Amino acid sequence: MAEKLSATSRDAALAKLTSWSYDTAADAITREFRFEDFSAAFAFMTRVALAAEKAGHHPEWFNVYNKVRITLSTHDAGGLSRKDIELAERIDALHSASVKIAPAG
């Protein structure tokens, strides 16, 4: 079972995940991604799904057309764990490798 991060460990990890928002009440992190179109968003979700399955840790997510919102928290740990941080880092790397990213705005 994963252990919930201490406040010190959590703050250090979040300092590196600058694109993710921390929800204190849920002890979770969230990030929204935008893509050129639905196909690009779905392709990204597929890559994330494969990475999550390999890690044995699955995100909560929401998709509408070209937007994907991902929330990470470890339910059996009661909040944010190292698993969430590692998956967020992997998701960021997958997003950086995406070629069809829509401009922010």
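Residues numbered from 1 in each chain as written. Predicted model: local features only at pLDDT ≥ 70, side-chain atom pairs only at ≥ 80, totals over all residues. Heavy atoms only, no water.

You'll find the protein chain entered in an unreviewed UniProt entry as Putative pterin-4-alpha-carbinolamine dehydratase, with Devosia elaeis given as the organism. Under the UniProt heading Catalytic activity (unreviewed entry), the entry covering the protein chain gives this text: "(4aS,6R)-4a-hydroxy-L-erythro-5,6,7,8-tetrahydrobiopterin = (6R)-L-erythro-6,7-dihydrobiopterin + H2O". Listed under Sequence similarities (unreviewed entry) in UniProt, the entry text for the protein chain is "Belongs to the pterin-4-alpha-carbinolamine dehydratase family." (UniProt positions renumbered as here; feature names shortened; annotations may be inferred.)

The next thing to look at is the overall build of the protein chain. Scanning the protein chain from terminus to terminus reveals three helices and four strands. When the helices and strands of the protein chain are placed in sequence order, the string is α-β-β-α-β-β-α. Since a compact globule built from 105 residues should have a radius of gyration of about 13 Å, the 14 Å found for the protein chain is in line with a globular shape. Here the C-alpha coordinates of the protein chain stretch approximately 40 × 30 × 20 Å along the principal axes. Relative to its 105 residues, the protein chain shows a buried fraction of 41%. Of the roughly 6200 Å² that the protein chain leaves accessible, carbon and sulfur atoms contribute 53%. Computed over 13 positive and 14 negative side-chain charges, the inter-centroid distance for the protein chain is 4 Å. (Helix = DSSP H or I, 4+ residues; strand = E, 2+ residues; numbered from the N terminus. Rg over C-alpha atoms; globule rule 2.2 N^0.38 Å. Buried < 20%, exposed > 50% of the residue type's maximum accessible area, 1.4 Å probe, protein only. Areas by Shrake-Rupley, 256 points an atom, 1.4 Å probe, with all protein chains shown as cover. Lys, Arg positive; Asp, Glu negative; His and termini not counted. Charge placed at Lys NZ, Arg CZ, Asp CG, Glu CD.)

Considering all chains together, one arrives at five salt bridges under this definition. Two residues, Lys4 and Asp27, come together in a salt bridge whose shortest N-O distance is 3.5 Å. Of this pair, Lys4 sits in the segment before α1 (7-16) while Asp27 sits in the loop between β1 (21-23) and β2 (28-34), placing them 23 residues apart in sequence. According to the relative accessible area criterion, Lys4 is partly exposed, its value standing at 46%. (Salt bridge = Lys/Arg side-chain N within 4 Å of Asp/Glu carboxyl O.)

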